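Chain by chain, the residues run as shown.
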Amino acid sequence: MSEDRKGDHIDLAFKAQIGSAMIDPRFNYEPMLASNDISDVDVSLNILGVRQSVPFWVSSMTGGTERARIINHNLARICKEFGFGMGLGSCRPLLEEDAFIDFNVRPVIGDEQALYANLGVAQIEELRDHNKLGLIKNMVDKLEANGLIVHVNPMQEWLQPEGDIYKTSPLDIVKLCLDNFDFPIIVKEVGQGFGPKSMLELLDLPVQAIDFAANGGTNFAKLEMLRADDYFHELYKGLANVGHSATEMVEQLRDIIKRENRTFACQEIIISGGVKNFLDGYYLVERCPMTAVFGQASGFLKHAMDYESLRKYVELQVSGYKIASKLLTVKED
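What counts and what doesn't
Residues numbered from 1 in each chain as written. Predicted model: local features only at pLDDT ≥ 70, side-chain atom pairs only at ≥ 80, totals over all residues. Heavy atoms only, no water. Salt bridge = Lys/Arg side-chain N within 4 Å of Asp/Glu carboxyl O. Helix = DSSP H or I, 4+ residues; strand = E, 2+ residues; numbered from the N terminus. Buried < 20%, exposed > 50% of the residue type's maximum accessible area, 1.4 Å probe, protein only. Axes fitted to C-alpha atoms, helices over the stretch in contact; angles between N-to-C directions. Parallel < 35°, antiparallel > 145°, perpendicular 65-115°, else oblique. Left-handed = near helix turned anticlockwise from the far one by under 90°. Contact = heavy atoms within 4.5 Å. Nonpolar A, V, L, I, M, F, W, Y, C, P; charged D, E, K, R; others polar. Polar contact = N/O pair within 3.5 Å; in protein donor to acceptor, adjacent residues only side chain to side chain. Pairing = 2+ DSSP bridges. Arc of directions from axis to C-beta.

## Digging into the pattern of salt bridges
In step 1: According to the stated counting rule, one finds 13 salt bridges in the structure shown.
In step 2: Note that Lys326 is salt-bridged to Asp40, the shortest N-O span being 2.9 Å. Placement of Lys326 in helix α16 (residues 307-327) and of Asp40 in the loop between β1 (27-29) and β2 (45-47) is noted, with a sequence separation of 286 residues between them.
In step 3: Across the pair Arg128 and Asp129 runs a salt bridge, and its minimum N-O distance is 2.9 Å.
In step 4: Given the relative accessible area of 27%, Arg128 is considered partly exposed.
In step 5: A cluster of three or more residues bridged by salt bridges with shared partners is formed by Asp204, Arg259, Glu260 and Arg262.

This is the structure we're talking about:
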């Protein structure tokens, strides 16, 4: 076995060359300070009112189709097995049709992990205008969710041919939710992130968490343009490129905390959007000045139709996060 391994090393040595430009500049590697045994590594944390075993989060994805039911149930099952929380995709179908089976994952995820329902600003505004906000509470109760994600997507809606036009600012809709509901609220932008003024306004509200959902992952503004004709796409494609990366928003948050020098009402962050793997997640969570978890959408979604594939993916991500936490430190400014 040892001879075979040495032979492999010889055969692969030239393929394993790494130039200096490929070295990840975000970390110090500290091989002298700890063993490489990850069995004793504890990366658990208190967030969203529960104890999570790992700082992962299933970012809101899908609902309303047969595939969505399989995906959501597999994601809920993986959350229970590895000990982290989940945000559902837009629950709008629950307001319009009988799609409960797609979203009914509390029996799968169990009682110990956080589970959040999800509605857009436009749907909440419409329910307010028709004096039907009670439907939101009924939905959250029926799903046995811990609270509600309010997703904010004005650019996507504007670019969508059948999109909704907000009459009220998303900030006022969030305040409406805080005034009318007794369950926690998470505010999430959909694929382009928050600028510093928006972030500061949210930090001053007693929301449970802010989900960055940065530009750099699935961009729903771009997705809507891909559904449009070529002329529309060519004219407006630049709008998909505006926004803020997860790294930029973490740095914005650090700057805000340093500049304001005070305690904010919101103290928890979900970092999603462009997070490709555990190493990105480790860097962002360690760099974030508030309690944070990192979310993945495309990484989980790629494997979510097959549970064993999903389980292998998450198991490797968790192990990778633990070895990173043991041997790497994030470089300071």
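## What to know about the packing of helix α6 (residues 121-129) against helix α9 (residues 170-180)
In step 1: Between α6 and α9, the shortest axis-to-axis distance is 10 Å and the interhelical angle comes to 60 degrees. As the angle between them shows, α6 and α9 are arranged oblique. α9 is crossed by α6, and the crossing has left-handed handedness. Residue-level inspection shows Val121, Ile124, Glu125 and Arg128 of α6 in contact with α9, the latter providing Pro170, Ile173, Leu176 and Cys177.
In step 2: A class-by-class count of the residues in the contact of α6 with α9 yields six nonpolar, no polar and two charged.

## Quick word on the side chain of Gln252
In step 1: Within the fold, Gln252 resides in helix α13 (residues 246-260).
In step 2: What makes Gln252 buried here is its relative accessible area of 10%.
In step 3: Residues within four places of Gln252 in sequence aside, it is in contact with Phe194, Gly195, Pro196, Met199 and His244.

## Let's talk about the side chain of His303
In step 1: Mapped onto the elements of the fold, His303 is located in helix α15 (residues 298-303).
In step 2: Within the structure, the side chain of His303 is placed 2.8 Å from the side chain of Ser309, a separation counted as a polar contact.
In step 3: In this structure, His303 is in contact with Ser309, Leu310 and Tyr313, ignoring residues within four places of it in sequence.

## Re the pairing of strand β7 (residues 147-152)
In step 1: Most of β7 is tucked away, with six of its six residues classed as buried.
In step 2: The pairing of strand β6 (residues 115-120) with β7 spans five bridges and is classified as parallel. Bridge pairing in β7 places Ala117 opposite Leu148.
In step 3: Direction of pairing for β7 relative to strand β8 (residues 185-189): parallel, over a ladder of five bridges. Bridging from a neighbouring strand, Ile149 pairs with Ile186 of β8.

## Digging into the environment of Met199
In step 1: Looking at where Met199 falls in the secondary structure, it is placed in helix α10 (residues 196-203).
In step 2: Looking at Met199, the relative accessible area reads 1%, which means it is buried.
In step 3: Measuring from C-alpha to C-alpha, the distance between Met199 and Leu253 comes to 7.7 Å, with 54 residues separating the pair along the chain.
In step 4: When sequence neighbours within four positions are dropped, the list of residues in contact with Met199 reads Phe194, Ile210, Phe212, Met249, Gln252, Leu253 and Ile256.

## Quick notes on helix α7 (residues 134-143)
In step 1: All buried positions along α7 are accounted for by Ile136, Met139, Val140 and Leu143. In a view along the axis of α7, the buried residues occupy a sector of 95 degrees, so they form one face of it.
In step 2: Two residues or fewer past α7, Glu144 is found with a positive phi of approximately 55 degrees.

Note that every value here comes from positions in space, so none of it alone points to a role or purpose.
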